[in-house]
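Residue strings, one per chain:
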Amino acid sequence: MIRTVKPSAQEQKILQQQRWENVRERLRAAYGEAIFNSWLAPLKLADIKNGQVMITVPTRFMREWILAHYIDNILRFWSNEDRSIHAVDIFVRPEAPMSHASREQIISSLPETAMPFAQPQNDTQHYSDAEGHLGASLDPRYTFDNFIVGKPNELAHAAARRVAESTSVVEGCNPLFLYGGVGLGKTHLMHAIAWNIRRTQPKRKVLYLSAEKFMYQFVRALRNKDTVSFKEQFRSVDVLMIDDVQFISGKDSTQEEFFHTFNALVDQNKQLVISGDRSPSDLDGIEERVRSRLGWGLVADIHTTSFELRLGILQSKIEKMQGIQVPEKVLEFLAHKITSNVRELEGALNRVVAHATLVGTSITLDSTQAVLYDLLRANDRRITIDDIQKKVAGHFNIKVADMHSARRSVAIARPRQIAMYLSKKLTSKSLPEIGRKFGGKDHTTVMHAVKRIDELSKKDPEFAEDVELLMRMLQS
Ligand code: ADP
Ligand code: MG
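Here is a short report on the structure shown in this document. (Residues numbered from 1 in each chain as written. Chains lettered and ligands numbered in written order. Predicted model: local features only at pLDDT ≥ 70, side-chain atom pairs only at ≥ 80, totals over all residues. Heavy atoms only, no water.)

Now for the site of ligand 1. In the vicinity of ligand 1 there are 18 residues, among which Ile148, Gly183, Thr187, His188 and Arg343 approach most closely. Taking Lys186, its side chain carries an N or O atom lying 2.8 Å from an oxygen atom of ligand 1. Coverage of ligand 1 by the protein chains reaches 97% of its 560 Å² of free accessible surface. Of all elements in the fold, only helix H7 (186-200) and helix H14 (342-359) reach the threshold of two or more residues within the shell around ligand 1. Among the residues making up the shell around ligand 1, the classes are represented as seven nonpolar, seven polar and four charged. Built from parts of two domains, the shell around ligand 1 gets at least three residues from each of domain 2 (123-302) and domain 3 (307-380). (Near = heavy atom within 4 Å. Polar contact = N/O pair within 3.5 Å; in protein donor to acceptor, adjacent residues only side chain to side chain. Areas by Shrake-Rupley, 256 points an atom, 1.4 Å probe, with all protein chains shown as cover. Helix = DSSP H or I, 4+ residues; strand = E, 2+ residues; numbered from the N terminus. Nonpolar A, V, L, I, M, F, W, Y, C, P; charged D, E, K, R; others polar. Domains from an automatic or database assignment.)

On to H7. An ideal rise of 1.5 Å per residue puts 21 Å on 15 residues; H7 measures up with 21 Å between its terminal C-alpha atoms. With respect to burial, H7 is a largely interior element, 11 of its 15 residues being buried. Lys186, Thr187, His188, Leu189, Met190, His191, Ala192, Ile193, Ala194, Asn196 and Ile197 are the residues of H7 that are buried. As for H7, its buried residues are in contact with helix H6 (154-165), strand E4 (176-180), strand E5 (206-210), strand E6 (239-243), strand E7 (271-276) and strand E8 (298-302). (Expected span 1.5 Å × (residues − 1). Buried < 20%, exposed > 50% of the residue type's maximum accessible area, 1.4 Å probe, protein only. Contact = heavy atoms within 4.5 Å.)

Two packed helices can be described by the angle between their axes and the distance between those axes. In contact at an axis separation of 10 Å, helix H9 (residues 227-235) and helix H10 (residues 252-267) are set at 40 degrees when each is read in the N-to-C sense. Classified by the angle their axes make, H9 and H10 are oblique. Handedness of the crossing formed by H9 with H10: right-handed. Contacts between H9 and H10 involve Phe230, Lys231, Phe234 and Arg235 on the former and, on the latter, Glu257, His260, Thr261, Ala264 and Leu265. Partitioned by chemical class, the residues of the contact of H9 with H10 number four nonpolar, two polar and three charged. (Axes fitted to C-alpha atoms, helices over the stretch in contact; angles between N-to-C directions. Parallel < 35°, antiparallel > 145°, perpendicular 65-115°, else oblique. Left-handed = near helix turned anticlockwise from the far one by under 90°.)

For Asn196, the position within the fold is in helix H7. Asn196 sits in the buried class, given a relative accessible area of 10%. At 3.4 Å, the side chain of Asn196 and the backbone oxygen of Ala164 are in polar contact. Among the polar contacts listed, one links the side chain of Asn196 to the side chain of Arg199, at a separation of 2.8 Å. When residues no more than four places from it in sequence are discounted, the contact partners of Asn196 are Phe144, Ala164, Glu165 and Gln201.

This part takes up the pairing of E6. In terms of residue burial, E6 counts as a mostly covered element, since five of its five residues are buried. Residues of E6 alternate between two faces, with Val239, Met241 and Asp243 on one and Leu240 and Ile242 on the opposite face, all of them buried. Looking at chain direction, E5 and E6 are connected through five bridges and run parallel. By the bridge assignment for E6, Ser210 is matched with Asp243. Here four bridges tie E6 to E7, and the two strands are oriented parallel to one another. Paired with Ile242 across the strands is Ile274, a residue of E7. The β-α-β motif built from E6, the intervening H10 and the parallel element E7 has right-handed crossover chirality. (Pairing = 2+ DSSP bridges. Right-handed = clockwise from strand over helix to strand, strands pointing away.)

Laid out in structure tokens, this is it:
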């Protein structure tokens, strides 16, 4: 009989609250401050039971609106935090303080059917159901069909497909190590492999989980003195996929266990798929022997997206949102501007669509720019103060060194003020940071420069045009 011990109620509450904070942060990043504050900030975590998150909102209208627009991402972000989460439900709870009893009532009045995933909590099942508690659930949207292939991800995609279509371990691809920056599709590809094998070879046991969950399971097994069955369970799978392996850096005993599991599976000719945020050789805090094992098979990196890939992804998303019209120009604009990662790109598109639906207008380039103001600025972070100083100095035919000097003649001081002004507008640097970059000037000097340039632009159209031109050149 295998025993599992759950974390104490207290530990669980703290963990849940932390996860909720992470979900809120991701919602804020995806939708921006304005939408977040009006729609998402009022959400409150009430409870989590049987893989279902219960959230309260103050009004019925808000509930409807959130169900119509944000629920998918709320669920997605939650299940990213905690793979056991399968459903999110929203309940109305007026802001007025409520007695404990009535809160309980809301929760307990949930119909049983509102908990589609409520399962008998049978301890033995935890370890024996490879796709249940030991592993993590799969996002139904993360399939090969929904994955757009382009130059930056073609190797990773091709390798993932081979593993997904093969009926046994793929020679030269064990492990398949996928790596790349955040939001570039590693998890998507791993889920796609799992879906495919599950569909076409239901007899093969596929186990997908994050390295974090691997560690959690391992630590729990240690605590319960139950490592034998832990090992057996992991070693009985045909395909083991561990996501975000960088998580185990610095965690020595977990690494040790991972290393043994890894070797045991490779010895038995079982397929491994691992992802990380950098290549095996660059994984700091991971033992040399583990790193070298990780690099044994095929190491495929996912590069940052290209314009074509971003546009392709946007087009495919739009096709799936039936009845939503987005001008090609807007898609191109987004693909051009939101270059950080695919997650942010999707978030931007969702915001634009949500806004248009909310105010009932059509989507235009102007509305897109207005809705995404903060996000666009953040993506312009690539422009550095050094770039600005160079460009402005070149434009006015002065030396870059003059940007750092204290010379006060207008021919020098004015371009310097313009450069400060542009640094404020085009980068996310604070006033003191900008001051430092201009030869250690005070933040009030920068503030003064910004004000001065604004005034001059209002008074003198020609001057305004000059500043505008510099801004455009820097942004293109
Ligand atoms: P990672 O695990 O690398 O951080 P994810 O796999 O979670 O990234 O991807 C982030 C989001 O971007 C997901 O919603 C995913 O579906 C989407 N995405 C990433 N790459 C692609 C792609 N090539 N085609 C379609 N969607 C993609
Ligand atoms: Mg991921």
